Amino acid sequence: MKQKILLVEDDDGIAAVIEAGLNEAGFEADHCLSVAERDRLLDNGNYDAIITDIMLQDGDGIADLEQVRERAGDIPVIIVSAQNTFDTAIRATDAKAFEYFPKPFDLDELVRAAVQATRRNRNQTVREVEGEDALPLIGTSQAMQQVFRMITRVMRNDLSVLVTGESGTGKELVAEAIHQLGSRRSGPFVAVNCAAIPHDLIESELFGHEKGAFTGAISQAIGKFEQANGGTLFLDEIGDMPSDAQTRLLRALQSGRIRRVGGRQDVSVDARIIAATNRDLAPLIARGSFREDLFYRLNVIPIHLPPLRERREDIAALTHHFFKQAEREGLPNRTISPEAIERLATREWRGNVRELRNVVFRLAVFAREDVITNESLSDLELWTETNEAAEVEAGFDRILSRWIEEEKPAAGSVYHKAISEFERPLFTYALKMTNGNQIKASQYLGINRNTLRKKLADLKLSADNFAGQK
Ligand SMILES: Nc1ncnc2c1ncn2[C@@H]1O[C@H](COP(=O)(O)OP(=O)(O)OP(=O)(O)O)[C@@H](O)[C@H]1O
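Note that the coordinates shown come from a computational prediction; the quantities given were computed from them, not determined experimentally. (Residues numbered from 1 in each chain as written. Predicted model: local features only at pLDDT ≥ 70, side-chain atom pairs only at ≥ 80, totals over all residues.)

Draft legend 1. Structural context of the overall build of the chain. Counting its regular elements, the chain contains 19 helices and 16 strands. In the chain, which comprises 470 residues, the proportion classed as buried is 33%. In the chain, the proportion of contacts linking residues at least 24 apart, taken out of those at least 6 apart, comes to 73%. (Helix = DSSP H or I, 4+ residues; strand = E, 2+ residues; numbered from the N terminus. Buried ≥ 20, exposed ≤ 12 C-beta atoms within 10 Å, placed from the backbone. Contact = placed C-beta atoms within 7 Å.)

Next up, the structure:
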């Protein structure tokens, strides 16, 4: 006998597509348009699974799933919805949905989920959602939907999560969301930025130290690991963790115990680990500066946050969200014209969501009019450039310390090695900018033409190769 699926969907077009997919996979499907019809059909027939939309003509398709389940013997429910917010993903999980598909979805995946749902009846614990307003993760792009789904998958367990993505894409926010939505939410959320702590202090910062463990350790100190006991430890910029600390961390993860620096005894700690990195760890592993075994420990569940420029459809919602946030923080209440939003949506956003947030806050403070227009943005262009210059400067610091750490130039050769590393991309850039015109390149760089020539010869760069490249 064929398995039967009840499809509750008020868009006839989508329903027809789903029905066809289900039939092809050997299911029988009944289709209805409303909550009332659904209940009537459930009373009169036996179904193996329900596929339902959320917004229906006569109500919310998942508001009373508990009763539906009581009526229909714990039937698995698959949700499809066009309300693609983080809240919807969380609601779907809290409604014990077997699976949640934001529209537009992949029909094959949906049918596959139906096959799995009817095969076994997954029973998950329901949990009240609390404080979901406190952590609004905004985004309706496909990429963010995937992130939301991943978050709902890890919030009820303690698996290690590795969040990747460029700086400012929301990695810490994702880590906080996982913490807030899970069973550890009453415990602490402790964040450590491994790149911001001097290397020789990182072990004591993470694992604590005993009195007298090293010069300056005048009293015992509890490390972040212990502080996170019962909660979540967020290790940001994990790629910057020095190798001794990596070894200690690995040991802690394997044993569930840590030893304070200078300590004689192990202390057991229970902290969920969420790590994040904006650097690709693969080359670090290849070079031996990041432990592969630690990587596998941390990367049980990877969550990737794409850069903002690859999900431009989220920019409008984020902009509105940040204007509201600015207002809540006491800044003037402003709105923004659709044209101005469109213009924002075309920017590069190298600083990702953080940069967009800064721009919106700056607009809220400085704009003269209540409705921000394209003209207000023209003034803003200047501010953003200064901002980018500052970012680049901070970028040099980072690049330099990474380079020193990874290349380990021999003492006595650091200056010359660093300068020669720096010159090649600089001269290449200048030649590209000027189409290989050496006079212009030397003017651009502000150096003598002969010096430029000599440098190009030393670096074996040929200006001719850059003609017409700009
Ligand atoms: N999807 C989002 N919805 C709402 N706010 C967001 C979103 N993503 C990021 N933000 C906001 O943007 C800012 C930067 O985010 P966050 O600090 O989480 O980025 P990050 O990737 O951890 O950055 P870094 O790598 O530099 O530490 C924060 O103010 C955060 O609240």
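Draft legend 2. Molecular detail of the environment of Leu461. One can find Leu461 in the segment after α19 (449-458). For Leu461, the residues in contact, after removing those within four places along its chain, are Phe427, Thr428, Leu431 and Leu456.

Draft legend 3. A look at the environment of Ile50. With respect to the secondary-structure elements, Ile50 resides in strand β3 (residues 49-52). Placed 68 residues apart in sequence, Ile50 and Thr118 show a C-alpha to C-alpha distance of 9.7 Å. Excluding residues that lie within four positions of it along the chain, Ile50 makes contacts with Leu6, Val8, Ile75 and Val77.

Draft legend 4. Main features of the UniProt feature "modified residue: 4-aspartylphosphate" (unreviewed entry) in the chain. Summarizing the sequence annotation, UniProt attributes the feature "modified residue: 4-aspartylphosphate" (unreviewed entry) to Asp53 in the numbering used throughout. With respect to the helices and strands, the residue Asp53 is situated in the loop between β3 and β4 (55-56). Take Asp53: there are 22 C-beta atoms within 10 Å of it, and that puts it in the buried class. Beyond its immediate chain neighbours, meaning those up to four positions away, Asp53 contacts Val8, Glu9, Asp10, Gly61, Val80 and Ser81. (UniProt positions renumbered as here; feature names shortened; annotations may be inferred.)

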